Amino acid sequence: MADSLLLLRKRGSVRSTWMRARKARPQLALGRRPRRRLRTLLRWCGRRRLRRRLLQARAAGADWREGGRLVSSAAAAGTTDTAAPGAAPSRPPADVSAPTCVPNLPVRQLRPVGPGRALLLLPLEQCFTFSGICRVTCLYGQVQVFGFTISQGQPSRDVFSTYTHSRLTVRAVPSSMPEKSKKEMKREARTLLRSHLNQDDRRWVMKNFSPLCSIVLLENLKTSTVNFIISHPGLSYIFVQESPTFQINSENFALRSVGIKKEKKKNALQFTESVLSALEELVNDSCEVDGCPVILICGAQDVGKSTFNRYLINQLLNSISCVDYLECDLGQTEFTPPGCVSLLNITEPVLGPPFTHQRTPQKMVYYGKPTCKNDYENYIEIIKYVFSSYKRESPLIVNTMGWVTDKGLLLLIDLIRLLSPTHVVQFSSGRSKYMPNLTPDYVDDVDGLYTKSKSKIRHRGFHLPEFAECFEFADEEKESPVLFTGHKLMCVKSDFAFRKTPRNRDSHNKILRDLAVLGYLGQLHPPVPKPLYSLQSLTPYQVPFNAVALRITHADVAPTHVLCAVNASWVGLCRILDDVRGHAHGPILLAQTPICDCLGFGICRGIDMLKRLYHILTPVPPEELRNVNCLLVGAISVPHCVFKNQHGPEGTIPYIMTDYNFKFPRASGKIGLRETEETSKEKLYPRPKFYRKTN
């Protein structure tokens, strides 16, 4: 008895000591807002935990019935099984009026299969949305990425899902293979996986295999272009953004090793019904026998024209071998640096933004500015010159500018008359400005900027005899006037969510143009795994003064200052018909801007006045550089990050000034800008400025 009393006293003393220590501990004082945030966070974690349990139960073959109880599929079918210890009691059979069970749906599963590799099992019609870059290989089945279908046995594809555009999605689609039993499917999948996976990974796949599923291998991807872009400060966020995760599991570690991140479905690319129907109709018309439609895409800014073009190209490449693409948007080009009008023959899918797939055009002219304002006639002549190379052997997609008001609309009418498209896809949005429907009647009755309205003749066509030389016709056809049939108008309602506003649109577009230039300069570097070199450490080409002619396209510069304007500038490497090698000395200056072929671009790294040489840094191969005899300098400049990110000895950075005085006359960056009547009127009658009141 005494021992028990002594034990109780000891327990009591320990408990009282614990209570005193607990009361002496400082209390966590939270305000009303932090407490509300904490409750929201706990509620969100509870929902994620419940969702994870539901997915695990569904993967195990269970159904979620009314009443919130988890029962096995055998119990749902009416069979009696022995319950496991601690399991919830089974529910009695329901009557006929009870709701039916939710069918079992396979769950997407992911497994790491080595450093930088992950295996993805996608059941039919399920999606995986991600951000980042990776190499996608379909080992079994068939998947679709950005409209392009990747089947088993096809080569791997590099996919770029960046934060500057909508996230891309890998979706399992039904394949056109003959019907097979589940045993035959497993045998075929096991045979295809033997050369890619080890035995443990193959066993895991066969254990979780479901009929009509697709098996996808995701691999880490490194390219010289991506490495060059992310080497500049502030641009690494474009491909991958780090964010704290609440779940630390094998799936997150596998995605991190690949270099991608799983995204929510709402961030993925989503099309409206009108967009999908237009895509289906255009693909069907293009796949017809001897069908080479000319598809012109038009609409205001930020309505999804470029995204539609990429998706349409990928859809067409599923059925045909190549697609022609005419770029008429100077500010936001797709396959070239900005400021160009180009014609390309596309044979590979487009699985990323423009700065990830810079390609060599079939024909290109360097306009030199991101907009054609105040120089419309030269813009029209350049388009006619580039379009003359189109042979009508494959479908043509024409991308136009987003300027569809005032003179921009009249310029678009001129393009429709000159290019004579068979289909005009007109985009509109609830946030875009009003634009009239460009029906054949409207285009025929309205005067353009340089063309007049013409009366219709046979078969609802346009009579343009001056455009007959742009095509290859027989002799008897050239004598008669060219007859262009009327186009088919397809009005598309888009609902793209974007972060651009009238205030930040210019800065956002400037960033995309700089990224396109950086993507082009990334071709200067050797392929991975060779190291990345700085631009100043690369060896430039030496070009004599008397071997090339010079022209500043966007401004009037005194002859004594032309070399200063060319130095450290973005130059177009062009070829003109005139012979410029007859001059003994240089530089050779052109009086007018020629319409000539542009073979590529480069940076004038420096000018040697003693040896009279230009130092040009360019990825154009030497066999093409032999044809270059003209350098065009426009308003497209080298991105500032290229100059600021120069590595080397400590001290001042070349071409960078820290004490520049903007108070000097004409020191605003628009030195020598050509003034037209419109700009002079704007200076005489400036627009009123509105200021916000400040207290």
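Here, the structure is the one placed above.
These numbers were taken from a predicted model, which means no experiment stands behind them.

(A) Representation of the overall build of the protein. Scanning the protein from N- to C-terminus turns up 18 helices and 27 strands. Counting only residues that meet the buried cut, the protein has 42% of its 695 residues in that class. A separation of at least 24 residues holds for 75% of the contacts in the protein among residues at least 6 apart in sequence. Working note: accessible area of the protein is about 40,100 Å², and carbon and sulfur atoms make up 53% of it.

(B) Inspection of the sheet that holds strand β16 (residues 396–399) at higher detail. Strand order in the open sheet formed by seven strands is β15-β14-β13-β16-β12-β17-β20, and the pairing between neighbours is mixed. Only two strands of the sheet have a single partner each, and these edge strands are β15 (363–366) and β20 (488–493). Along the sheet, successive strands turn relative to each other by an average axial angle of 15 degrees, direction set aside. As paired elements, strand β12 (residues 294–298) and β16 share four bridges and run parallel to each other. Bridge pairing links V294 to L396 in β16. Where helix α8 (residues 273–286) meets the sheet, its contacts fall on β12, β17 (423–428) and β20, and the angle it forms with β20 comes to roughly 150 degrees. Packing of helix α10 (residues 376–387) onto the sheet brings it into contact with β13 (323–327), β14 (340–346), β15 and β16, and relative to β14 it is tilted by some 20 degrees.

(C) Quick peek at the packing of helix α4 (residues 182–193) against helix α5 (residues 199–207). Remark: α4 packs on α5, axes separated minimally by 11 Å, with the N-to-C direction vectors making an angle of 155 degrees. As the angle between them shows, α4 and α5 are arranged roughly antiparallel. Regarding α4 and α5, the two cross each other, and that crossing is right-handed. Taking contact as the criterion, the partners of K186, A189, R190 and L193 in α4 are, on α5, R202, V205 and M206. Taken together, the residues of the contact of α4 with α5 break down into four nonpolar, no polar and three charged.

(D) Just the sheet that holds strand β24 (residues 588–589), in detail. Taken in spatial order, the seven strands of this open sheet run β21-β26-β25-β23-β27-β22-β24, and their pairing is mixed. Of all the strands in the sheet, the pair left with one neighbour each is β21 (541–544) and β24. Bridge analysis of β21 against strand β26 (residues 613–617) gives four bridges, and the strand direction is antiparallel. Looking at the pairing, P544 lines up with L613 of β26.

Reading guide: rules and limits
- Residues numbered from 1 in each chain as written.
- Predicted model: local features only at pLDDT ≥ 70, side-chain atom pairs only at ≥ 80, totals over all residues.
- Heavy atoms only, no water.
- Helix = DSSP H or I, 4+ residues; strand = E, 2+ residues; numbered from the N terminus.
- Buried < 20%, exposed > 50% of the residue type's maximum accessible area, 1.4 Å probe, protein only.
- Contact = heavy atoms within 4.5 Å.
- Areas by Shrake-Rupley, 256 points an atom, 1.4 Å probe, with all protein chains shown as cover.
- Pairing = 2+ DSSP bridges.
- Axes fitted to C-alpha atoms, helices over the stretch in contact; angles between N-to-C directions.
- Parallel < 35°, antiparallel > 145°, perpendicular 65-115°, else oblique.
- Left-handed = near helix turned anticlockwise from the far one by under 90°.
- Nonpolar A, V, L, I, M, F, W, Y, C, P; charged D, E, K, R; others polar.

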